[in-house]
Amino acid sequence: MKYTCNFLLEKRKDKEGNLITKNVPICADICFKQRLRYPTGYRVDVERWVDTEATDPDTGEIVRVQRVKKNSYGTKDKKPVAYNFINNDLKLIQATLFELFRDNDTVTKELIISTLDNKIKKTKNRTSKEIEVDTSLWGLFSTFTKEPSVSEGRRKTYLNAYNNLKNFEKARRRKIDFVDCTPRLMAEFDEFMKTDDNSSGKYDHLPLRQRPRPKGRNTRVKVFRTLSTFFKWVNKNYNITVNPFAVFKIESEQYDTPICLTKEERDLLYDFTPSKPYLERTRDLFYFQCCVGCRVSDFFNLTKDNLKNDGTLLEYIPQKTINESTKVCRIPLTEKAQAILLKYDMPDGKLLPFISPQKYNDYIGELLQEAAIDRTVTVVDKVTMKPQIKPLYEFITSHSCRKTFIDILMKSGISESVISSMSGHVKGSKAFHRYYEVDDIQRMKAINEIY
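What you see is a predicted model; the values in this text were computed from it and never measured.

1. What about the overall build of the protein chain?
Here is step 1 of the chain: Secondary structure assignment for the protein chain yields 15 helices and twelve strands.
Here is step 2 of the chain: Per-residue burial over the protein chain gives 41% buried out of 451 residues.
Here is step 3 of the chain: Residue pairs at least 24 apart in sequence account for 59% of intrachain contacts in the protein chain once pairs closer than 6 positions are excluded.
Here is step 4 of the chain: When the accessible area of the protein chain is evaluated, it comes to approximately 26,100 Å², of which 50% is carbon and sulfur surface.

As structure tokens, then:
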């Protein structure tokens, strides 16, 4: 028996004769030999509803798409319900109708209504925790940290901001909700992050590496930018208009002169023989990363499949910027880099014997200290904003490999476009120019050009 089912928003007008666009009922419009409007029980704002045509990827047919917008919500019994629960119930109605018309020669309005009521009744009996959206600050912030459209690294940034704000709430001993989020509260939160640590033992229950430390300016800026993004997301998807950042101004990040190895120091490290096997592996990892310049998150995901041209070329797509650009990074491998690869044949298919990022950073410092790569460098402490003079090995991390890669190439006169094709920086990246430093040799060469 032939039939059609579409989901429509009821068209109603207010007292002034204007079409109502808020909290509009969703109905199933069922046509067979008769026509039936079946109320789903859900309501949604018109701006949160999708009704369009699309090509079915399996059949190539043009199909009608009707659903609540992703990351949005509707209501049922005056309570908010997440988009996915509503859309799932609309699919349930379609599936129920398909079975009903397939299995019965005669279908009446009464049969349709009783069958759908029986099916939908099961969803009505679900607990509020299953179908309702927790629209409190922490409920929506928790949902925000699980946002599926962003990278894993970005989600970790979101979770870090969530944890810092949660620690602040515990310290002030008063629950924080949207009404509390004022510019003044953000200023208090800023001061809290500057001093939040485990000096009193309040974080003893956490593993050592997870215990908070005082946050420098750049870290605090990243937290506030995440919060600003969260409030915009809340406003867009849940019509909650609280936004302390309309008044509270986020500082700009401050960056020091990039700290990295010189070409001579990098090559010295390659020839150095460490005293311990794990430091030898760290040396190989560190040197190879200096030769390819990828972020550590991409580096640790490299496998043998990333090697091309008989192992003379490395190819990968940076994950951090994949939503902005899907261009492939292609880095020719030097003879020394190829020699390192020949030392290892990992049974799991990984490119090299990778370890945890935390241990990697710890071992890098130990390696450079043992190799006597200890020239002094001056940096500004981001918490105290006072200059510090310390040996190089205390500041070098896995990210320094990326800076070393770019710095050496820039000093060799290679164009930015060629370097960015290997480093994966997107066009116009502000970060690119923070990865190298003009040295005295370049300055002297420039001055000599004018005489």
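From this point on, the discussion continues.
2. Some words on the sheet that holds strand β10 (residues 329-332)
Here is step 1 of the chain: Pairing in this open sheet of three strands is antiparallel, and the strands run β8-β9-β10 from one edge to the other. What marks the edges here is a single partner per strand, and that holds for β8 (307-308) and β10.
Here is step 2 of the chain: Pairing of β8 with strand β9 (residues 313-316) involves two bridges; the strand directions are antiparallel. The residue of β9 that forms the bridge with L307 is L314.

3. Considering the packing of helix α9 (residues 277-292) against helix α11 (residues 335-343)
The angle between the axes and the distance between the axes are what describe a pair of packed helices.
Here is step 1 of the chain: At a minimum axis separation of 10 Å, α9 and α11 run at an interaxial angle of 140 degrees. Considering the angle they form, α9 stands oblique to α11. As for the relative orientation of α9 and α11, their crossing is left-handed in sense. Here α9 contributes E280, R283, D284, Y287, F288 and C291 to the contact with α11, which in turn contributes K336, A337, I340, L341 and K343.

4. A word on the packing of helix α8 (residues 263-271) against α9
Here is step 1 of the chain: For the pair α8 and α9, the least separation of the axes is 10 Å and the interaxial angle reads 145 degrees. The element α8 and its partner α9 pack so that their crossing is left-handed. In this structure, α8 contributes R266, D267, L269 and Y270 to the contact, and α9 contributes R283, F286, Y287 and C290.
Here is step 2 of the chain: Classifying every residue of the contact of α8 with α9 gives five nonpolar, no polar and three charged.

5. What about unusual backbone geometry?
Here is step 1 of the chain: With phi around 60 degrees, R173 is a residue other than glycine that occupies positive phi space.
Here is step 2 of the chain: The topology assignment puts R173 in the loop between α5 (152-172) and α6 (183-195).
Here is step 3 of the chain: Of the residues examined, R173 reaches a relative accessible area of 76% and is grouped as exposed.
Here is step 4 of the chain: Phi is positive for N309, close to 50 degrees, though the residue is something other than glycine.
Here is step 5 of the chain: Structurally, the position occupied by N309 is in the loop between β8 and β9.
Here is step 6 of the chain: Judged by its relative accessible area of 51%, N309 falls in the exposed class.

6. Observations concerning the side chain of D196
Here is step 1 of the chain: As for its position among the elements, D196 is in the loop between α6 and α7 (217-238).
Here is step 2 of the chain: For D196, the side chain forms a polar contact with the side chain of K202, separated by 3.3 Å.
Here is step 3 of the chain: Among the polar contacts made by the side chain of D196, one reaches the side chain of Y203 at a distance of 2.9 Å.
Here is step 4 of the chain: Aside from chain neighbours lying at most four places away, what touches D196 is N167, K202, Y203, P212, R213, P214 and K215.

Criteria and cut-off values
- Sequence order as written defines the numbering, with residues in each chain counted from 1.
- Per-residue local features of the predicted model are confined to residues with pLDDT of at least 70, and side-chain atom pairs are confined, for both listing and counting, to 80 or more; whole-chain, interface and lining totals are unaffected and use all residues.
- Only hydrogens and water are set aside; all other atoms, that is, all heavy atoms of the structure, feed into the side-chain values.
- Segments assigned H or I by DSSP are reported as helices when at least four residues long, segments assigned E as strands when at least two residues long, and all are numbered from the N terminus.
- Accessible area is worked out with a 1.4 Å probe on protein chains only. A residue is then buried under 20% of its type maximum, exposed over 50%, and partly exposed in between.
- We call two residues in contact when some of their heavy atoms are within 4.5 Å.
- Residue-level accessible areas treat just the shown protein chains as cover; the underlying method is Shrake-Rupley with a 1.4 Å probe.
- DSSP-based pairing: two strands are paired if at least 2 bridges between them are found.
- Think of each axis as a best-fit line through the C-alpha atoms, taken over the contacting stretch in the case of a helix, with angles from 0 to 180 degrees between the N-to-C directions.
- Just so you know how the angles are binned, under 35 degrees is roughly parallel, over 145 roughly antiparallel, 65 to 115 roughly perpendicular, and the rest oblique.
- Crossing handedness is defined as follows: a turn of the near helix away from the far one that is anticlockwise and smaller than a right angle gives a left-handed crossing, while the clockwise case is right-handed.
- Gly falls in the polar group here, along with every residue not listed as nonpolar (Ala, Val, Leu, Ile, Met, Phe, Trp, Tyr, Cys, Pro) or charged (Asp, Glu, Lys, Arg).
- Whenever a nitrogen or oxygen atom comes within 3.5 Å of another N or O atom, the pair is scored as a polar contact, on the condition that within protein one atom can donate a hydrogen and the other can accept it, and that pairs from neighbouring residues in sequence are kept only if both atoms are in side chains.

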